Amino acid sequence: ATPTAVTVGIGRGAELGILIKKGEALEVAGRISCVLFDKTGTLTEGKPEVTDIVGDVLGYAAALEARSRHPIAVAVTERVMREGLEIPGVEEFRAIPGKGLEGKINSQHVIAGNRVLMDEFGVEIPADAGKLESEGKTVVMVAVDGEFKGVIAVSDRINPGATAAVGELERMGIRTAMITGDNRRTAEKVAREVGISTVIAEVLPEDKASRVSDLRSRGVGVAFVGDGINDAPALSEADLGIALGGGTDVAKEAGEVVLVGDDPLDTAAALQLAGKVISRIK
Ligand code: ADP
Ligand code: MG
């Protein structure tokens, strides 16, 4: 039979907007020593906006991004619609997860994405491209026929509650860290803003889960907080998967806990609730 404390805990969680799927999750939550947060859509709102366009690249980028559903793609597409720009057609389109997009536009080979993508295609990146990254912006670099053309920078607001969540968890003696596919400079700026000192950046989507298992194999009790399709394997791999309610269905299915209000601070509330339940079971 389910101990009363667990039932009460699950009920109390529901009142707080913290959906706990199974009683065991509360017991596991008591063993968490590190909370690993996804960046985009978890610590940030996940609704980036275009802030800078350097060079004549919007048409090229928009043509590719029109085929993608990444938050960056939504930002670029919105900007183009506002400007009423005509978008050229794309052939041989390909999305390269964690890196960017590729396609043929007017028989030119076009790529739009991060540094890793540019490196893979042997594109030389001008030195000043790093400035926008240091401002916490995600930089989409555009190259045409192997030549660097310019960049589009997008910026995402910090999720209200992210800074408070990190502060509260640290106060509870729980370590916090951020994991992201975004580049290191951008990630570190966001981490500084929310008070996280450990940053795992430039992680390919398929590698997020193995970073979680690395931590677990070192005896760390890991909670993973995420929202995206990419996060689902990491949410499953973690001792405790916590999905944001506004996140993708796959993430919500993978997590043991769902934060209905999308507030990262509820992560701390969930662990505190677990602590109370456990002290009453013992
Ligand atoms: P995140 O952890 O930020 O959700 P992703 O794995 O989705 O990261 O993407 C990692 C990086 O790959 C992005 O920061 C971006 O540089 C690049 N990228 C991914 N998709 C796109 C896209 N549609 N357009 C441009 N760049 C992209
Ligand atoms: Mg995300």
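The structure we're discussing is the one just above.
Note that the structure is predicted; figures quoted are calculated from it, not measured.

A. Spatial organisation of the side chain of Lys39. Mapped onto the elements of the fold, Lys39 is located in helix 3 (residues 39–43). Side-chain polar atoms of Lys39 contact the side chain of Thr40, separated by 3.4 Å. Reaching out from Lys39, the side chain makes a polar contact with the side chain of Asp182 at a distance of 3.0 Å. Residues contacting Lys39, with those up to four places away along its chain left out, are Thr44, Thr138, Met178, Ile179, Thr180, Asp182, Ala187 and Val190.

B. Summary view of the coordination of the magnesium ion (ligand 2). In the first shell of the magnesium ion (ligand 2), the protein supplies Asp38 (OD), Thr40 (O) and Asp227 (OD), at 1.9 to 2.3 Å from the metal. Between consecutive donors of the magnesium ion (ligand 2), the numbers of intervening residues give the motif D-x1-T-x186-D. Of this pair, Thr40 sits in helix 3 while Asp227 is found in the loop between strand 11 (222–226) and helix 11 (232–237), placing the two residues 187 residues apart along the sequence. What makes Asp227 buried here is its relative accessible area of 17%.

C. Region of the structure containing the environment of Arg216. Relative to the assigned elements, Arg216 resides in helix 10 (residues 208–217). Judged by relative accessible area, which is 36%, Arg216 ranks as partly exposed. It is 7.7 Å that separates the C-alpha atoms of Arg216 and Ala238, two residues lying 22 residues apart in sequence. Not counting residues up to four positions away in its chain, the partners in contact with Arg216 are Val222, Glu237, Ala238 and Asp239.

D. Main features of the site of ligand 1. Taken together, 20 residues are adjacent to ligand 1, and Thr40, Glu65, His70, Gly98 and Gly181 come closest. For ligand 1, a nitrogen atom lies 3.2 Å from a polar atom in the side chain of Ser68. For ligand 1, an oxygen atom lies 3.5 Å from a polar atom in the side chain of Lys208. Burial of ligand 1 by the protein chains amounts to 93% of its free accessible area of 550 Å². Elements with a contribution of two residues or more to the shell around ligand 1: strand 5 (100–105), strand 6 (108–113) and strand 7 (138–144).

E. Structural context of helix 9 (residues 184–194). For helix 9, the complete set of buried residues consists of Thr186, Ala187, Val190, Ala191 and Val194. Each buried residue of helix 9 lies within a common arc of 130° when the element is viewed along its axis, so the set occupies one face. Positive backbone phi, at 90°, marks Gly195, one or two positions downstream of helix 9.

F. Structural view of the environment of Ala274. Looking at the secondary structure, you find Ala274 in helix 13 (residues 265–281). The exposure class assigned to Ala274 is buried, which follows from its relative accessible area of 0%. Distance from Ala274 to Gly9, taken between C-alpha atoms, is 7.3 Å for residues 265 residues apart in sequence. Not counting chain neighbours up to four residues away, the residues in contact with Ala274 comprise Leu26, Ala29 and Gly30.

G. Layout of the sheet that holds strand 12 (residues 240–244). The seven strands are arranged 1-13-12-11-2-9-10 in an open sheet whose pairing can be described as mixed. Two strands bound the open sheet, and with one partner strand each, they are strand 1 (18–20) and strand 10 (198–200). Shown here is a sheet whose adjacent strand axes are inclined to one another by a mean of 20°, direction ignored. In this structure, strand 1 lies alongside strand 13 (residues 257–259), joined through three bridges in antiparallel fashion. Across the sheet, Leu19 pairs through a bridge with Val258, a residue of strand 13.

The rules behind the values
Residues numbered from 1 in each chain as written. Chains lettered and ligands numbered in written order. Predicted model: local features only at pLDDT ≥ 70, side-chain atom pairs only at ≥ 80, totals over all residues. Heavy atoms only, no water. Helix = DSSP H or I, 4+ residues; strand = E, 2+ residues; numbered from the N terminus. Polar contact = N/O pair within 3.5 Å; in protein donor to acceptor, adjacent residues only side chain to side chain. Contact = heavy atoms within 4.5 Å. Donors = N, O, S within 2.8 Å, 3.2 Å for Na, K, Ca; no water. Buried < 20%, exposed > 50% of the residue type's maximum accessible area, 1.4 Å probe, protein only. Near = heavy atom within 4 Å. Areas by Shrake-Rupley, 256 points an atom, 1.4 Å probe, with all protein chains shown as cover. Arc of directions from axis to C-beta. Pairing = 2+ DSSP bridges. Axes fitted to C-alpha atoms, helices over the stretch in contact; angles between N-to-C directions.

Purely spatial values, then, with no claim about function.
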